[in-house]
Amino acid sequence: MLKHKLIHGDCLQRLRALGDSTCIFADPPDNIALDYNEFDDRRASDEYVAWLDDCLRLFIQKAGIVWVSYNAKWSFAMGMLVWRLLQEYDWLEAKANVQVYTFGQHNKHDLGNNHRPLLRLKRKDAPLYPDQIRVPSWRQLHGDKRADPRGRVPGDVMDMQYPGLGDVLDFPRVTGNSRQRCNWHPTQLHEDLVERCIKLSTLEGERVTDPFGGTGTTLRVCDRISRRCTLVEYDRTYCDKIAEENGLKRISESTPAMWGK
Ligand SMILES: C[S@@+](CC[C@H](N)C(=O)[O-])C[C@H]1O[C@@H](n2cnc3c(N)ncnc32)[C@H](O)[C@@H]1O
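First things first, this report covers the structure right here in the doc. Given the structure is predicted, the values throughout are model-derived calculations rather than measurements.

### Overview of the nonpolar core
Nonpolar side chains in soluble globular proteins tend to end up buried together. Leu 56, Phe 59, Val 66, Met 78, Leu 119 and Leu 121 are the most contacted members of the largest nonpolar core, which totals 31 residues. Those elements that place two or more of their residues in this core are α1 (11-17), β2 (21-26), α2 (45-62), β3 (63-69), α3 (75-88) and β5 (115-123). With 9 residues, α2 is the single largest residue contributor to this core.

In structure tokens:
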């Protein structure tokens, strides 16, 4: 069995043909006219929201835990979609989390957008592994003897704590000068954010699927923390770059093109 797979094509079509995973991590296009290579990020709003609904409905059938990072512009629509799902499926639960960025875009006319919602949908019986994501607690960082030596489980505002400095920082946007940045793609999530979600949801050796491969962030994280990964990506050029940068070999040239290792 291949540890990692990358499949070219539309995620709804490809995921229907794939087996289940323990977790799905999804970062769909935001529909804010970003300049992707092939994908057109300018759909009518109602069409986009209906498509998000199709995605959520398929994803919860394909994995016990589904994370969706999305643009705050769609918060109200997303809330409505999730509410309907919760009415329909009594085995489902939802948790609203937030990624914060210190260096959000500046808006001199209004409050700037410094956060990105991070939805988690979960089958009620799917396990979580909070001990895998403990971080240094405030007490530990300040030499308080009452501190739990294991640190603490972080909260639902997804930030990063730097041990030793004691500052609570954030998962920054991966901008042009970031060490992680892949300049051939317009948008990218911070690897540490993806890692926290995956570690909370899976054990080593379990499979994570990312329906929107992008730069391959989820695959890089899975490789580092010993999870199996399946990526789907619509854009053939991005697939080629992910394969090249992560040492994936071509497995199939016919439709769908597929790579793996
Ligand atoms: C927001 S980016 C994902 C970035 C990724 N999380 C990362 O950190 O690199 C969304 C990606 O989804 C791809 N995409 C758009 N529509 C798709 C679809 N229907 N199926 C599969 N991929 C799609 C786009 O080409 C783009 O690369």
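### Quick word on the site of the ligand
If you check the shell around the ligand, you find 22 residues, and the closest are Asp 10, Asp 27, Thr 215, Thr 217 and Glu 233. Taking His 185, its side chain carries an N or O atom lying 2.8 Å from an oxygen atom of the ligand. A distance of 2.6 Å is found between an oxygen atom of the ligand and a side-chain nitrogen or oxygen belonging to Thr 215. Burial of the ligand by the protein amounts to 98% of the accessible area it has alone, namely 610 Å². Looking at the shell around the ligand, its residues break down into 10 nonpolar, 9 polar and 3 charged.

### Details of the pairing of strand β7 (residues 207-210)
What you see with β7 is no split at all: Arg 207 and Thr 209 on one side and Val 208 and Asp 210 on the other are buried throughout. As judged from the 2 bridges shared by β2 and β7, these two strands associate in the parallel manner. From the neighbouring strand, Cys 23 faces β7, where its bridge partner is Val 208. As defined by bridge partners, β7 adjoins strand β8 (residues 228-233) across 4 bridges and the pair is classed as parallel. In the sheet register, Val 208 faces β8, and the bridge partner there is Cys 229.

What counts, and where the lines are drawn
Residues numbered from 1 in each chain as written. Predicted model: local features only at pLDDT ≥ 70, side-chain atom pairs only at ≥ 80, totals over all residues. Heavy atoms only, no water. Core = buried A, V, L, I, M, F, W, Y, C linked by side-chain atoms within 4.5 Å. Buried < 20%, exposed > 50% of the residue type's maximum accessible area, 1.4 Å probe, protein only. Helix = DSSP H or I, 4+ residues; strand = E, 2+ residues; numbered from the N terminus. Near = heavy atom within 4 Å. Polar contact = N/O pair within 3.5 Å; in protein donor to acceptor, adjacent residues only side chain to side chain. Areas by Shrake-Rupley, 256 points an atom, 1.4 Å probe, with all protein chains shown as cover. Nonpolar A, V, L, I, M, F, W, Y, C, P; charged D, E, K, R; others polar. Pairing = 2+ DSSP bridges.

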